[in-house]
Amino acid sequence: MWQWRYVSGRQLDGFRQYKYSAVDTNPLSVYIMQPIWNKIIKIVPLWIAPNLLTFSGFVMILFNYFLISFYDWDYTASGSSPGLVPTWVWLFSAFTTFCAYALDSIDGKHARRTQSSTPLGELFDHGLDSWATSIFVLSFFSVCSRDNGKTGVSVYTMYIYLSIVLFNFMCSHWEKYNTGVLFLPWGYDISQVVLIAAYLLTSAVGVEVWQKPLLLGYYITDILVILLIGFSLFLSFPQTLYNIHRAHLKKTLKHDSLYEGLLPLVSPLLLFVLLTVWVVLSPSNILAKQPRLFLWMVGVAFSNVICKVIICQMSGTRPELFHWFLLPLALVVYAAISGLLGWMEEAVLAVFTALVTAAHVHYGVCVGRQLSEHLNIYIFSLKKRIQE
């Protein structure tokens, strides 16, 4: 049987006790976007399952990513050949990003509207978000282009940029693991609006706007990177620590010991240590040779690691210290940096990326089926399962 039982019996029992709790304090979300979503939700038919909205949004950004990849595989099109990516692609990118943003924002509202809110729905939503986060970033890199000696962003900056975005996502769910409350990050709504605006701007005036200094000799991409780092270091991460500290003072922390509280961070941090070692010490400079493939693998690996953290958080169980994926990754990294792979490093990366992606898809499908059977519901239908 190809379906593995990734979720333990104890975790399945924990899901039945789970109660969703979230706080949204972002003015952009509360005063501007939420009224828009409240109007859009009224046109969604009541027979549509909330998970179908979630999945549709994910498929749209995935299709958009592959479309951009077709025109700009190595992130050079916007720098060396500005007209290589058609204008309609940037317009389509803005459209799919908005649709995905809207669908991700109304799926929970629709679940409450149809009285079909379940732990599976939340896991499905956050699990796809953990993957979509990297896809949004990787699609955006085609707008600003990689460094061509004059303008653009270096592949190392891309890696750092992606790592920071994923770090922020990880912090949100680490915070929820400790407090039991999901404090919706301000960066999500802001980043979606910025992405849509960036695609519209590119379609209107061309990619050349990203190749010219905007302010004091800084390019738009430089300013965005500075804002991202500043937002992460001085707002997002401090806010996470503050919320955990406040829960500690109120004695509402879910985990008393420091070890239990920090446990979910071990595997994600080890993951990025191994990946960074590969980037820095690769004999063939693998990131420069295959940036899209490598960064895709980073996003998929992160999603799988963080999904297990989300499952533990929702089921009230203890996460594993070391994710199974770290061992094969460590072996590949060692073989690469020691020179054992030689000229085969790119081929091994391609095979490894394909295996990691297949494993992650298999994991998601099996977990979804397990929970749907346990909760007696269908993933993409509002009908109840017939008890055997």
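Cut-off values and rules
- Residues numbered from 1 in each chain as written.
- Predicted model: local features only at pLDDT ≥ 70, side-chain atom pairs only at ≥ 80, totals over all residues.
- Heavy atoms only, no water.
- Axes fitted to C-alpha atoms, helices over the stretch in contact; angles between N-to-C directions.
- Helix = DSSP H or I, 4+ residues; strand = E, 2+ residues; numbered from the N terminus.
- Parallel < 35°, antiparallel > 145°, perpendicular 65-115°, else oblique.
- Left-handed = near helix turned anticlockwise from the far one by under 90°.
- Contact = heavy atoms within 4.5 Å.
- UniProt positions renumbered as here; feature names shortened; annotations may be inferred.
- Expected span 1.5 Å × (residues − 1).
- Buried < 20%, exposed > 50% of the residue type's maximum accessible area, 1.4 Å probe, protein only.
- Patch = residues over 30% accessible without salt bridge, like charges linked within 9 Å, V, L, I, M, F, W, Y side chains within 5 Å.
- Areas by Shrake-Rupley, 256 points an atom, 1.4 Å probe, with all protein chains shown as cover.
- Salt bridge = Lys/Arg side-chain N within 4 Å of Asp/Glu carboxyl O.
- Phe/Tyr/Trp six-rings, centres within 6.5 Å; stacked < 30°, edge-to-face > 60°.

Q: Go over the packing of helix 5 (residues 87-113) against helix 6 (residues 119-144), please, and point to the residues and values.
A: Close contact between helix 5 and helix 6 brings their axes to 12 Å; oriented N to C, the two are set at 160°. As the angle between them shows, helix 5 and helix 6 are arranged roughly antiparallel. By crossing handedness, the relation of helix 5 to helix 6 is classed as left-handed. On the side of helix 5, the interface is formed by Trp90, Thr97, Ala100, Asp104 and Asp107, while helix 6 contributes Asp125, Asp129, Phe136, Ser142 and Val143.

Q: Could you give an account of the UniProt feature "transmembrane region" (unreviewed entry) in the protein chain, with specific residues and numbers?
A: The UniProt record marks residues 43-67, 87-103, 153-171, 216-237, 258-281, 293-311, 323-341 and 347-365 with the feature "transmembrane region" (unreviewed entry), using the residue numbering of this structure. A distance of 25 Å separates the end C-alpha atoms of residues 87-103, which is 100% helix and 0% strand. Helix makes up 100% of residues 293-311 and strand makes up 0%, while its end C-alpha atoms are separated by 27 Å.

Q: Could you give me a rundown of helix 7 (residues 155-179), with the residues and numbers involved?
A: Working note: α-helix, 3.6 residues per turn, so residues spaced by three or four point in the same direction. When the terminal C-alpha atoms of helix 7 are compared, their 36 Å separation across 25 residues agrees well with the 36 Å that a helix rising 1.5 Å per residue should span. Of the residues flanking the end of helix 7, it is glycine 180, one or two places downstream, whose phi is positive at about 80°.

Q: Before we move on, could you go through helix 8 (residues 186-205) and cite the residues and values that matter?
A: Here helix 8 contains 20 residues, and its C-alpha end-to-end distance of 29 Å stays within 8% of the 28 Å for a straight helix at 1.5 Å per residue. Those residues of helix 8 that sit buried are Asp189, Gln192, Leu195, Ile196, Ala198, Tyr199, Thr202 and Ser203. Trailing helix 8 by a residue or two, glycine 206 shows a phi angle of about 95°, which is positive.

Q: Describe the side chain of serine 139, naming the residues involved and giving the relevant values.
A: The topology assignment puts serine 139 in helix 6. Assessed through its relative accessible area of 2%, serine 139 is described here as buried. When near neighbours in sequence (up to four residues on either side) are disregarded, serine 139 contacts Asn64, Tyr65, Ile68 and Tyr199.

Q: Explain the environment of valine 165 to me, using residue names and the numbers behind them.
A: Residue placement: valine 165 occurs in helix 7. Ignoring anything within four residues of it in the chain, the contact list for valine 165 reads Thr133, Val137 and Leu228.

Q: Any chance you could break down a nonpolar patch on the surface for me, citing the residues and the numbers?
A: The grouping of Leu214, Leu215, Leu216, Tyr218 and Ile226 at the surface amounts to a nonpolar patch, some 580 Å² of accessible area in total. Note that isoleucine 226 resides in helix 9 (residues 220-249). Using a relative accessible area of 49% as the deciding quantity, one classes isoleucine 226 as partly exposed.

Q: Hey, could you go over the packing of aromatic side chains for me, with residue numbers and the actual values?
A: What the rule picks out here adds up to 27 aromatic pairs. Arranged with centres 6.3 Å apart and planes meeting at 45°, the rings of phenylalanine 55 and phenylalanine 124 form a pair that is tilted. Highlighted residues: phenylalanine 55 in helix 3 (residues 50-71) and phenylalanine 124 in helix 6, separated in sequence by 69 residues. A relative accessible area of 34% means that phenylalanine 55 is categorised as partly exposed.

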